Number of protein chains: 2
Amino acid sequence: MLEKLFVVKIGGNIIDDDAKLAAFLISFAALKGKKILVHGGGKLATRLAEEMKVPQQMVDGRRITDAETLKIVTMVYAGYINKNIVARLQAHGSNAIGLSGADGNAIQAHKRVHPTLDYGFVGDVDSVNAPLLKSLLDQDLAIVLAPITHDKQGLLLNTNADTIAQEAAKGLSGHYDVELIYSFEKSGVLLDANDDSTVIASITPAYYQQLKAAQKIFAGMIPKLDNAFAALNSGVKKVIIGKAEQLQQLIAGSSGTTIINEQ
Amino acid sequence: MLEKLFVVKIGGNIIDDDAKLAAFLISFAALKGKKILVHGGGKLATRLAEEMKVPQQMVDGRRITDAETLKIVTMVYAGYINKNIVARLQAHGSNAIGLSGADGNAIQAHKRVHPTLDYGFVGDVDSVNAPLLKSLLDQDLAIVLAPITHDKQGLLLNTNADTIAQEAAKGLSGHYDVELIYSFEKSGVLLDANDDSTVIASITPAYYQQLKAAQKIFAGMIPKLDNAFAALNSGVKKVIIGKAEQLQQLIAGSSGTTIINEQ
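Residues numbered from 1 in each chain as written. Chains lettered and ligands numbered in written order. Predicted model: local features only at pLDDT ≥ 70, side-chain atom pairs only at ≥ 80, totals over all residues. Heavy atoms only, no water.

Colleague: For the overall build of chain A, give the residues involved together with the corresponding values.
Modeller: Secondary structure assignment for chain A yields nine helices and 14 strands. Computed over C-alpha atoms, the radius of gyration of chain A comes to 18 Å, within 12% of the 18 Å expected from 2.2 N^0.38 for 263 residues, which places it in the range of a compact globule. Reported as C-alpha extents along the three principal axes, the dimensions of chain A are approximately 45 × 45 × 35 Å. Buried residues in chain A amount to 56% of all 263 residues. Per element, the accessible surface of chain A, about 10,400 Å² overall, is 50% carbon and sulfur. Here chain A contributes 26 positive and 27 negative side-chain charges, whose respective centroids are spaced 2 Å apart. (Helix = DSSP H or I, 4+ residues; strand = E, 2+ residues; numbered from the N terminus. Rg over C-alpha atoms; globule rule 2.2 N^0.38 Å. Buried < 20%, exposed > 50% of the residue type's maximum accessible area, 1.4 Å probe, protein only. Areas by Shrake-Rupley, 256 points an atom, 1.4 Å probe, with all protein chains shown as cover. Lys, Arg positive; Asp, Glu negative; His and termini not counted. Charge placed at Lys NZ, Arg CZ, Asp CG, Glu CD.)

Colleague: Lay out the environment of Thr149(A) with the relevant residues and their values.
Modeller: Residues and elements named next belong to chain A. For Thr-149, the location among the structural elements is in strand β9 (residues 148–150). Taking relative accessible area as the criterion, Thr-149 reaches 0% and is therefore assigned buried. Here the alpha-carbon distance between Thr-149 and Thr-159, two residues ten residues apart in the chain, equals 6.4 Å. Residues contacting Thr-149, with those up to four places away along its chain left out, are Gly-101, Ile-107, Ala-109, Gly-123, Leu-155, Leu-156, Leu-157, Thr-159 and Ile-164. A distance of 2.8 Å separates polar atoms of two side chains, one belonging to Thr-149 and the other to Thr-159. (Contact = heavy atoms within 4.5 Å. Polar contact = N/O pair within 3.5 Å; in protein donor to acceptor, adjacent residues only side chain to side chain.)

Colleague: Which residues make up the interface of chain B and chain A, and what are the values?
Modeller: Each side of the interface is counted separately: chain B has 40 residues, and chain A has 40 residues. Surface buried jointly by chain B and chain A totals about 3,000 Å² across both partners, of which 65% is contributed by carbon and sulfur atoms. Its largest share of buried area at the contact with chain A, chain B owes to Met75(B), Lys83(B) and Gln90(B), together 18% of the area lost on that side. The interface formed by chain B and chain A holds two salt bridges in total. Between Lys83(B) and Asp103(A) there is a salt bridge, with its nearest N and O atoms 3.0 Å apart. Counting across the interface, chain B meets chain A through ten residue pairs in polar contact (both at pLDDT 80 or more). Of all elements in the fold, only α3 (44–51), α4 (67–91), β5 (96–99) and α5 (130–137) of chain B reach the threshold of two or more residues within the side of chain B that touches chain A. If you tally residues by element for the side of chain B that touches chain A, the top one is α4(B), at 15 residues. (Buried area = accessible area lost by both parts, 1.4 Å probe. Salt bridge = Lys/Arg side-chain N within 4 Å of Asp/Glu carboxyl O.)

Colleague: Before we move on, could you go through the relation of the copies chain B and chain A and cite the residues and values that matter?
Modeller: Mapping chain B onto chain A calls for a rotation angle of 180 degrees and an axial translation of 0.0 Å; the resulting RMSD is 0.0 Å. Taken together, the rotation angle and the small translation identify this as a two-fold axis. Closest approach to the rotation axis among the C-alpha atoms of chain B is made by Gly79(B), whose C-alpha sits 1.8 Å away. When the interface residues of chain B are mapped onto chain A, 100% of them are again interface residues, pointing to one common binding face. (Least-squares fit on C-alpha atoms with pLDDT ≥ 70 in both.)

Colleague: So what about the sheet that holds strand β2 (residues 34–39) of chain B? Which residues, and what values?
Modeller: All names here are of chain B. Taken together, the eight strands give an open sheet; going across it, the order is β5-β8-β2-β1-β11-β13-β14-β12, and neighbouring strands pair in mixed fashion. The two strands at the open ends of the sheet, each matched to only one other strand, are β5 and β12 (202–203). Where strand β1 (residues 4–10) and β2 come together, six bridges link them in parallel fashion. From the neighbouring strand, Val-8 faces β2, where its bridge partner is Leu-37. Across the face of the sheet, helix α8 (residues 222–233) comes into contact with β11 (177–184), β12, β13 (238–243) and β14 (257–259) while running at roughly 150 degrees to β13. (Pairing = 2+ DSSP bridges. Axes fitted to C-alpha atoms, helices over the stretch in contact; angles between N-to-C directions.)

Structure follows, in structure tokens:
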């Protein structure tokens, strides 16, 4: 049996709420064993773009990353947010190390090619440097990944943090028993998107098909769940979705939604 | 005999000049063996502060770091500059990893205490995590250090890049034969500050005293040289001062000023 590794993704809503972030970081620091934290962006990048008068173009909820926007997200994600999270984890006794995908060639990507839309400097992941990440984890470092990758040709690329978490989890599944935790503002996958008490405790592939057929899954949750099952099919042991402030309960299975393949 | 380690510091003038930076990064990437690059700031932080309307207060050429300025230098130094340097080194085939002092507790500092002046969030270095840096170097990673440290209480601190270079060189001098290279826009230590052809090839402590007594050292160079001798007295083998674009020649001893203890 392999050693356990937790890959925990926190969303922008948590980063924007200092009380929630503080509570999360204390529980993440207290988490025993190997661990990776993947953080998204939050509103700071948008605010900075306003101050710098860089117009932001959103298409289907995705930020088009022009050269100036790439500069902003590199500064905010890989600089401000990443280093502040690392410093705060250090204060809580967790020896954290923050990386972008360029660092140690941790995550290599290519600029997205799309038939009709130019996303700009957005990267789709090609590979995760599992030996590097493993060597850091084996030194008992907690890795904090910013959602910035590179193409190994000198270009930094803006990459979706959910994808970073999923790829890191998959890439390390040969070395560890990986549990991938998507933590956000909701309590888990809900039967009623407006009612936090309708959390589904556990979803298997068969149950997922059934829920989808009955249109009981909120549309916004479907890509997350599709990704969760893709991760399971690539060797990840378990995917958990739930509230960032309940990290311990999520891991214990007493909160959130656990997504597993039947066995 | 220990393995050689190069600790190379590049100044803000090089970072601001893309042609010089590009040439430097190619020669740094080509440098064989263990290596650390320490970068300063450059004008981008000042420009960003203007755009964000954060007034900058300079006292004796030093930036007073208030909370908003700390945010800016964290974004620019540890984010934009650090990650772009790393990505470009990766493109040149050098497996670089960028760190702030918070990452892996690489460089711990404390907020500067000064009897009359509040420097704000400026850090004076307490310790360098030599085992961490050594473990990364031993994986053939080139380390790129941003001039941001932390106090292990959750606070990031703005720290002079010359000091970072010196402390890293000293901290690793028990593990490697360290050569510390301060590269900047001038050809070395000059007898005539306005004439690049008056480079002093080599300075020993006795010669330094002689030059100082004769007032032949440009005032701005004295702290650099004092630091250089302090580094030599703390185990660093050699300090070299010269042009960033001549990195290979500096190391070969055919350019710049070499500072050594008599032996």
